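Below are the chains, spelled out letter by letter.
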Amino acid sequence: MNPASDGDGPDDTGRRKFLTATTAVVGAVGVGFAAVPFIKSWSPSERAKQAGAPIKVDISALQEAQQLTVAWRGKPHYIVRRSKAMLATLPEMDSTVLDPKSSNEGQQPKYAQNEYRSIKPEVLVLEAVCTHLGCAPEFVPEIKPQPFYEDWKGGYFCPCHKSKYDLAGRVFKSQPAPANLPVPPYHFIDDNTLEIGVDPASDKSTGAA
Ligand code: FES
């Protein structure tokens, strides 16, 4: 028997490594080919997006304290997965923010008019446009003192005129920005997919018109 082919020699170790590497590459290419048409089928044309066509967003890879930015109706939108620690800051912020109960009805749909300003507490969806002059506020998720605010509990900071928002997009009192960051209409298609631009089936009261 050829000692190089009896299954235990050094040549076989090398060959196994090669086969493993080859399989991994083929697997990766296979996933790539499968993923592209799937993602493409979700993407409306640029013209349709400007006109307000709903967009579907895969949030399966979004980790706690991470944020995704997507465009809808020509504006950036943030999607954040909030941790339990982040959610726990929100009741503490009620005395610091201007509209703790989200009573300004134009700033969110009815189904987001709650402590978290969201359908699922852990997933926040916001229009990323400061209500002062329209800049995109920076996401500063760390619950620790910041140079711009020593009592910082996480949220958004708009550096141009220094408006601050909490981790539900609620504006602090006495800021240049007069209102909370808007929540767009959205709903969940499944645990990992949400659609911006369409209300939940059970609530059509704040449509995407
Ligand atoms: S645009 Fe955000 S504070 Fe002025």
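Model, not experiment: these values are computed from the prediction.

A.B. asks: Just checking my understanding: could you explain the overall build of the protein for this structure?
C.D. replies: Secondary structure assignment for the protein yields 3 helices and 9 strands. For the protein, the succession of helices and strands along the chain, N to C, is α-α-β-β-β-α-β-β-β-β-β-β. Across the 209 residues of the protein, 39% fall into the buried class. A separation threshold of at least 6 residues defines the contact pool for the protein, and within that pool the share at least 24 residues apart is 53%. When the accessible surface of the protein is summed, it comes to about 11,400 Å², and 58% of that surface belongs to carbon and sulfur atoms.

A.B. asks: I'm lost on the sheet that holds strand S9 (residues 193-196) in this one. Help?
C.D. replies: In a beta sheet, neighbouring strands are held together by backbone hydrogen bonds and run either parallel or antiparallel to one another. On the basis of which strands lie adjacent, the open sheet formed by 3 strands has the order S1-S9-S8 and antiparallel pairing. If you trace the sheet from one side to the other, it starts and ends with strand S1 (55-58) and strand S8 (186-190), each paired once. The sheet shows a mean angle of 30° between the axes of neighbouring strands, taken without regard to direction. Pairing between S8 and S9: 4 bridges, direction antiparallel. Paired with His187 across the bridge in S9 is Glu195.

A.B. asks: Where do I start with the nonpolar core in this structure?
C.D. replies: A general trend in soluble globular proteins is that nonpolar side chains are found buried together. Counting residues in hydrophobic clusters, the biggest one holds 34 residues, and the most contacted among them are Ile59, Ile79, Tyr156, Leu194 and Ile196. Considering every element that reaches this core, the biggest residue donor is strand S4 (residues 123-127), with 4 residues. Other than its neighbours up to four places away in sequence, Ile196 contacts Pro54, Ile55, Val70, Trp72, His77, Ile79, Val125, Pro184, Pro185 and Tyr186. Val97, Val140, Phe157 and Phe172 belong to the second largest nonpolar core, which has 6 residues in total.

A.B. asks: Mind showing me how you'd approach the pattern of salt bridges here?
C.D. replies: When charged atoms on two side chains of opposite charge get close, those side chains can pair. With the rule as written, the count across this model stands at 5 salt bridges. Among the ionic pairs, Asp166 bridges to Arg170, the shortest N-O distance being 2.8 Å. Look at Arg170 and you get buried, because its relative accessible area is 0%. Because the salt bridges share partners, they merge into one network encompassing Asp94, Glu115, Asp166 and Arg170.

A.B. asks: Before we go on, may I ask you to explain the pairing of strand S2 (residues 67-72) in this structure?
C.D. replies: Regular strands show a simple pattern: their side chains alternate between the two faces of the sheet. Relative to strand S3 (residues 75-81), S2 runs antiparallel, the two sharing 6 bridges. Across the sheet, Val70 pairs through a bridge with His77, a residue of S3. Where S2 folds back onto S3 in an antiparallel hairpin, the turn is made up of 2 residues, including Arg73, whose phi is positive at roughly 55°.

Cut-off values and rules
- Residues numbered from 1 in each chain as written.
- Predicted model: local features only at pLDDT ≥ 70, side-chain atom pairs only at ≥ 80, totals over all residues.
- Heavy atoms only, no water.
- Helix = DSSP H or I, 4+ residues; strand = E, 2+ residues; numbered from the N terminus.
- Buried < 20%, exposed > 50% of the residue type's maximum accessible area, 1.4 Å probe, protein only.
- Contact = heavy atoms within 4.5 Å.
- Areas by Shrake-Rupley, 256 points an atom, 1.4 Å probe, with all protein chains shown as cover.
- Pairing = 2+ DSSP bridges.
- Axes fitted to C-alpha atoms, helices over the stretch in contact; angles between N-to-C directions.
- Core = buried A, V, L, I, M, F, W, Y, C linked by side-chain atoms within 4.5 Å.
- Salt bridge = Lys/Arg side-chain N within 4 Å of Asp/Glu carboxyl O.

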